[in-house]
Amino acid sequence: MMFARVARRTFTSSAVNPYKVTVLGACGGIGQPLSLLLKLNDKVTDLRLYDIKNAKGVATDISHIPTNSTVTGFSAEEADGLKNALKDTELVLIPAGVPRKPGMTRDDLFNINAGIVYDLATAAAENAPNAAVLVISNPVNSTVPIVAEVFKKKGVYNKKKLFGVTTLDSIRASRFISQVANTNPTQEHVSVVGGHSGITIIPLLSQTKYANTLSKEQRDALIHRIQFGGDEVVKAKNGGGSATLSMAQAGAKFANAVLSGFAGEKNVTQASYVDSPLYKSEGIEFFASPVTLGPDGVQEIHPIGDISAEESELLKECKETLKKNIDKGIKFADSKQ
Ligand SMILES: NC(=O)C1=CN([C@@H]2O[C@H](COP(=O)(O)OP(=O)(O)OC[C@H]3O[C@@H](n4cnc5c(N)ncnc54)[C@H](O)[C@@H]3O)[C@@H](O)[C@H]2O)C=CC1
Ligand SMILES: O=C([O-])CC(=O)C(=O)O
């Protein structure tokens, strides 16, 4: 009797949030742990994994985990594999593409990843025009504008449903500040705005409770570590790629936030790199700042708030680089007409 009651409760809980989610690049360093974490999310009931290699193997493996979602692998070799992975899905995560090696910038990945993201975005626009698209592939500052241009060309662009995933910068900031302050990282929050590469990443330490207690040396070191946290991992992996496990956690966290917004949960706010009105008058079409998520995707884009004179300088430098990164993505997409 007891067992029957528990089983019934487990079954009904997942039916409340039946979302279809597709991962493109599901067999990579990020894709595999990200898919695993999505399988553990009870908002996801139909998980589709696509890659140019081994998607069926990874899907079969993950499918044995006893949560209620189905897991299906789609390979590039099968006719309509990509199309079927995307058909009517509600959320698409894109971690497909090559990662950095030591000595490279994220922009050095543009030549390979721009084309990969362009092709996957084209398939998404054709087969899942209403889905939220979460872009992980670097350089995010440029790949997000590429996706926007593709959706515009297809006549299905909805700026409320396109997100560059910058969550890793936020979770790093929580972790790194807790190491300096000797506190619990789960209780720390730092607003990180701008973009997702080096100097375009701006942690707003002046808005934390440590604004007046950190020394200038501590502050500078912390800003640098948050801006270049990705390089720390690339260096430590020594040619074996970049952040994958922390990125999977960040991607799963942000996907859960978007699904929570879809489900009508209130006050779901996370930083993300979105089509933003904040600096459009300066020619900057995309910018990361706190975003409240709702049933239609972006519900409200929040301004960055009061910042220090030091952070104003960082913002100035960020905007110069960001504008170039965005223009590069748009120009690439336009050249593919
Ligand atoms: N937004 C962020 O904060 C972060 C972004 N990244 C970026 O994520 C991307 C992926 O990184 P990793 O997973 O470490 O790389 P990886 O090389 O381990 O995995 C990439 C996967 O993409 C697949 N792939 C390549 N072309 C594809 C296509 N046309 N269609 C479907 N799948 C395709 C590959 O087969 C591979 O399984 C990189 O561009 C990396 O720079 C990495 C960490 C953080
Ligand atoms: O550093 C990289 O190339 C990967 C990445 O975006 C990050 O770890 O933040």
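Predicted, not measured: the structure shown is a model, and the values here were computed from it.

Visitor: Which parts of the structure should I look at to understand the site of ligand 1?
Guide: Surveying the vicinity of ligand 1 reveals 34 residues, the closest of which are Gly25, Gly28, Gly29, Ile30 and Asn138. Where the shell around ligand 1 is concerned, the elements lending two or more residues are strand E2 (44-51) and helix H5 (110-127). A total of 4 residues in the shell around ligand 1 trace back to one element, the largest contributor, which is H5.

Visitor: Even after reading the chapter, I still don't get helix H9 (residues 229-237), so can you show me in this structure?
Guide: Note: α-helices contain 3.6 residues per turn, so residues at a spacing of three or four share the same orientation. Of the residues making up H9, those classed as buried are Gly229, Gly230, Val233 and Val234. Looking straight down H9, one finds that the buried residues subtend no more than 140 degrees of arc, so they occupy a single side. Those residues of H9 that are buried are in contact with helix H7 (167-181) and helix H8 (216-227). Looking one or two residues past H9, asparagine 238 carries a phi angle of roughly 50 degrees, positive in sign.

Visitor: Even after reading the chapter, I still don't get the environment of threonine 122, so can you show me in this structure?
Guide: Relative to the assigned elements, threonine 122 resides in helix H5. Considering only alpha carbons, one finds threonine 122 and lysine 154, 32 residues apart in sequence, at a separation of 8.1 Å.

Visitor: Honestly, the pairing of strand E1 (residues 19-24) in this entry has me stumped. Any pointers?
Guide: As a general feature of sheets, a regular strand has side chains that alternate between the two faces. Summarising burial for E1: 6 of the 6 residues are buried, a large majority. The side-chain alternation of E1 yields two buried faces, one formed by Tyr19, Val21 and Val23 and the other by Lys20, Thr22 and Leu24. Inspection of the sheet shows E1 paired to E2 by 6 bridges, in the parallel sense. Paired with valine 21 across the two strands is leucine 47, which belongs to E2. Handedness of the crossover joining E1 and E2 through helix H2 (residues 31-39): right-handed. Both E1 and strand E4 (residues 91-94) contribute to a ladder of 3 bridges, which runs parallel. In the strand pairing of E4, valine 21 is matched with leucine 91.

Visitor: How should I be thinking about the domain arrangement of the chain in this particular structure?
Guide: When the parts of a complex come together, some accessible area is lost, and that lost area is often taken as the interface size. On domain assignment, one finds that the chain holds domain 1 (19-165) and domain 2 (167-327). Here the C-alpha centroids of domain 1 and domain 2 sit 22 Å apart. Every contact between the two is made by 36 residues of domain 1 and, on the other side, 39 residues of domain 2. Counting only elements with at least two residues in the side of domain 1 that touches domain 2, the list comes to E1, H2, E4, strand E5 (132-135), helix H6 (140-153) and strand E6 (162-164). Ranked by residues supplied to the side of domain 1 that touches domain 2, first place goes to H6 with 6 residues. Taken together, the residues of the side of domain 1 that touches domain 2 break down into 23 nonpolar, 5 polar and 8 charged.

Visitor: Where do I start with the site of ligand 2 in this structure?
Guide: All residues adjacent to ligand 2 are Pro99, Arg100, Arg106, Asn138, Leu168, Gly230, Val233, Val234, Ser242 and Ala243. At 3 residues, H9 tops the list of elements feeding residues into the shell around ligand 2. Residues that form the shell around ligand 2 fall into these classes: 5 nonpolar, 3 polar and 2 charged.

Visitor: What should I look at first to understand the environment of alanine 250 in this one?
Guide: Relative to the helices and strands, alanine 250 resides in helix H10 (residues 245-262). Separated by 79 residues in the primary sequence, alanine 250 and isoleucine 171 place their C-alpha atoms 7.1 Å from one another. Once residues lying within four places of it in the same chain are set aside, the contact partners of alanine 250 are Val165, Thr167, Leu168 and Ile171.

Visitor: Is there a simple way to think about the packing of H2 against H10 in this case?
Guide: Helix packing geometry: the angle between the two helix axes and the distance between the axes. Remark: H2 packs on H10, axes separated minimally by 8 Å, with the N-to-C direction vectors making an angle of 40 degrees. Taken together, H2 and H10 sit at an angle that is classed as oblique. Between H2 and H10 lies a crossing of right-handed hand. Side by side, H2 and H10 meet where Pro33, Leu34, Leu37 and Leu38 of the first sit next to Leu245, Ala248, Gln249, Gly251, Ala252 and Ala255 of the second. Broken down by class, the residue content of the contact of H2 with H10 amounts to 8 nonpolar, 2 polar and no charged.

Conventions adopted
- Residues numbered from 1 in each chain as written.
- Chains lettered and ligands numbered in written order.
- Predicted model: local features only at pLDDT ≥ 70, side-chain atom pairs only at ≥ 80, totals over all residues.
- Near = placed C-beta within 6 Å.
- Helix = DSSP H or I, 4+ residues; strand = E, 2+ residues; numbered from the N terminus.
- Buried ≥ 20, exposed ≤ 12 C-beta atoms within 10 Å, placed from the backbone.
- Arc of directions from axis to C-beta.
- Contact = placed C-beta atoms within 7 Å.
- Pairing = 2+ DSSP bridges.
- Right-handed = clockwise from strand over helix to strand, strands pointing away.
- Domains from an automatic or database assignment.
- Nonpolar A, V, L, I, M, F, W, Y, C, P; charged D, E, K, R; others polar.
- Axes fitted to C-alpha atoms, helices over the stretch in contact; angles between N-to-C directions.
- Parallel < 35°, antiparallel > 145°, perpendicular 65-115°, else oblique.
- Left-handed = near helix turned anticlockwise from the far one by under 90°.

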